Amino acid sequence: MNITRRFTLGALAAAAAAALSLAGAAVAQDFPSKPVTLVVPFPPGGVTDQIARVLAGKLQEDLRQTVIVDNKPGAGGQIAAQAVKSAPADGHTLFVAATEMFAINPTLFRKFSYDPLKDFHPVTALISSPLVLVVPKNSPVNSVADLVAASKSNGGLNFASQGVGSIGHLLGELYRSRTSGAFHHVAYKGSAPALQDLMGGQVDLMFDPVITTAPLIQGGKLKPLAIAATRRAAQLPEVRTLEELGTAGVDASVWFGAVVKAGTPAPAVARLNESLTKALRSPDVVKRFSDQGLQPMPMSPEAFGDFMKKEITRWSALVKTSGASVE
């Protein structure tokens, strides 16, 4: 190749790079150019909805655009995900969902309509809430040692969950395998009815997020035995972790994150990440969430992508081991 041709190709490459840079700068400068929508796969009033609405207020201030929360519950997150997949890949529509939608349901459902890693681009993790092992207040069980011993007599114990393939279900199955206890699964449609029966003594134990159990524990309606996480919960500092009590590896938190459609320009992803992480670090948001048993967990898009991959690997293995499946 002669010098002139090398120079020409080099100049073209430099021009192309400059054009891309200018295009990216233009996207960053113009974004957002219209209202931003946070699509939530749960009905209004739930934890995910509450998180989205708190963050929507902060985003609206920072992005100087209207931010809408659009609730599209059903089908394990597939209805909400499809809405985001059908929207333009411009960053104006985000999927705000929980562990199930990102790491559990793709394996749990026999037919699932989206791939969390291929169809979406990570923006940031948002919030996490550790799970706590609870029993009825009047239960004769006062420790995890008592619990395992009780499970090995009189036909075993029944553990409630939020539903087939839920975190509470999978964590209960993992706990059974680690302790060799006789724990029998009873699935409910959500935390509320399961907790109601637990408080009434119809079931013996449950793994449920601190955000929903802490008020019941503090109100004297449930008895905590252990935190199923790598560290103690700020709302229940006296309750030790399962690892501290001798059972390692049985830990999980419900976590929530935000993604956009695959193909969204990097500057738009970066701007959303910047705005969301700023919101998650603001003192009023930190206090509000912490008071509810929620822990902000802002991340870079790259870090959240790596986190999602690890969680998918972890939970898909547990789903397969449990044998749980949903049509």
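Description of the structure in this document. (Residues numbered from 1 in each chain as written. Predicted model: local features only at pLDDT ≥ 70, side-chain atom pairs only at ≥ 80, totals over all residues. Heavy atoms only, no water.)

### Things to note about the overall build of the protein
Line of reasoning, step 1. Helices and strands together make up the secondary structure of the protein, namely eleven helices and ten strands.
Line of reasoning, step 2. Dimensions of the protein, computed from C-alpha atoms along their principal axes, come out at roughly 85 × 45 × 35 Å.
Line of reasoning, step 3. Expressed as a percentage of the 327 residues in the protein, the buried residues total 49%.
Line of reasoning, step 4. Of all intrachain contacts in the protein linking residues separated by at least 6 positions in sequence, the fraction that spans at least 24 positions is 77%.
Line of reasoning, step 5. Between the averaged position of the 31 positive side-chain charges in the protein and that of its 25 negative side-chain charges there is a distance of 3 Å. (Helix = DSSP H or I, 4+ residues; strand = E, 2+ residues; numbered from the N terminus. Buried < 20%, exposed > 50% of the residue type's maximum accessible area, 1.4 Å probe, protein only. Contact = heavy atoms within 4.5 Å. Lys, Arg positive; Asp, Glu negative; His and termini not counted. Charge placed at Lys NZ, Arg CZ, Asp CG, Glu CD.)

### Topic: the pattern of salt bridges
Note on pairing: side chains with opposite charge can pair once their charged atoms come close.
Line of reasoning, step 1. A complete count under the given rule lists 14 salt bridges for this structure.
Line of reasoning, step 2. In this structure, E274 and R271 form a salt bridge, with 3.1 Å as the shortest nitrogen-oxygen distance. Taken as a pair, E274 and R271 lie in helix α9 (residues 266-281) at a separation of three residues, close to a single helical turn.
Line of reasoning, step 3. When its relative accessible area of 46% is taken as the criterion, E274 is described as partly exposed.
Line of reasoning, step 4. Owing to a relative accessible area of 18%, R271 belongs among the buried residues under this scheme. (Salt bridge = Lys/Arg side-chain N within 4 Å of Asp/Glu carboxyl O.)

### Points about the packing of helix α2 (residues 47-63) against α9
Line of reasoning, step 1. Across the interface, α2 lies against α9 with an axial gap of 9 Å and an inter-helix angle of 120°. Compared by their axis directions, α2 and α9 come out oblique. Handedness of the crossing formed by α2 with α9: right-handed. Judged by residue contacts, L55, K58, L59, D62 and L63 of α2 engage R271, L272, S275, L276, K278, A279 and L280 from α9.
Line of reasoning, step 2. Of the residues belonging to the contact of α2 with α9, the class tally is seven nonpolar, one polar and four charged. (Axes fitted to C-alpha atoms, helices over the stretch in contact; angles between N-to-C directions. Parallel < 35°, antiparallel > 145°, perpendicular 65-115°, else oblique. Left-handed = near helix turned anticlockwise from the far one by under 90°. Nonpolar A, V, L, I, M, F, W, Y, C, P; charged D, E, K, R; others polar.)

### Details of the nonpolar core
Line of reasoning, step 1. Formed by 82 residues in total, the largest nonpolar core has its most connected members in L38, F95, L126, L147, Y175 and F289.
Line of reasoning, step 2. Residue contributions to this core peak at eight residues, all from strand β4 (residues 120-136). (Core = buried A, V, L, I, M, F, W, Y, C linked by side-chain atoms within 4.5 Å.)

### A closer look at α9
Line of reasoning, step 1. Its 16 residues give α9 an end-to-end C-alpha distance of 22 Å, which sits within 8% of 22 Å, the value for a rise of 1.5 Å per residue.
Line of reasoning, step 2. Among all positions in α9, only A268, V269, R271, L272, N273, S275, L276, T277, A279 and L280 are buried. (Expected span 1.5 Å × (residues − 1).)

### Concerning the packing of aromatic side chains
Line of reasoning, step 1. Tallied over the entire structure, the rule returns 13 aromatic pairs.
Line of reasoning, step 2. Here the aromatic rings of F95 and F120 are separated by 5.6 Å at their centres, their planes lie at 35°, and the arrangement is tilted. Remark: F120 occurs in strand β4 and F95 occurs in strand β3 (residues 93-98); sequence separation between them is 25 residues. Of the two residues, F95 and F120, neither departs from the other in class, the shared state being buried. (Phe/Tyr/Trp six-rings, centres within 6.5 Å; stacked < 30°, edge-to-face > 60°.)

### Quick look at the pairing of strand β8 (residues 222-228)
Line of reasoning, step 1. By the criterion of burial, β8 is predominantly enclosed, with six of the seven residues buried.
Line of reasoning, step 2. Pairing analysis gives six bridges linking β4 to β8, with the strands arranged antiparallel. Directly across from P136, in β8, lies its bridge partner L222. (Pairing = 2+ DSSP bridges.)

### A closer look at the environment of I312
Line of reasoning, step 1. Position of I312 relative to the elements: it lies in helix α11 (residues 301-322).
Line of reasoning, step 2. On a C-alpha basis, the gap between I312 and L242 in space is 23 Å, while along the polypeptide they are 70 residues apart.

### Considering helix α3 (residues 78-86)
Line of reasoning, step 1. Those residues of α3 not exposed but buried are Q78, A80, A81 and V84. Within α3, the buried residues cover an arc of 160° as seen down the axis, which keeps them to one side.
Line of reasoning, step 2. For α3, the elements touching its buried residues are β1 (36-40), β3, β4 and β9 (253-261). (Arc of directions from axis to C-beta.)

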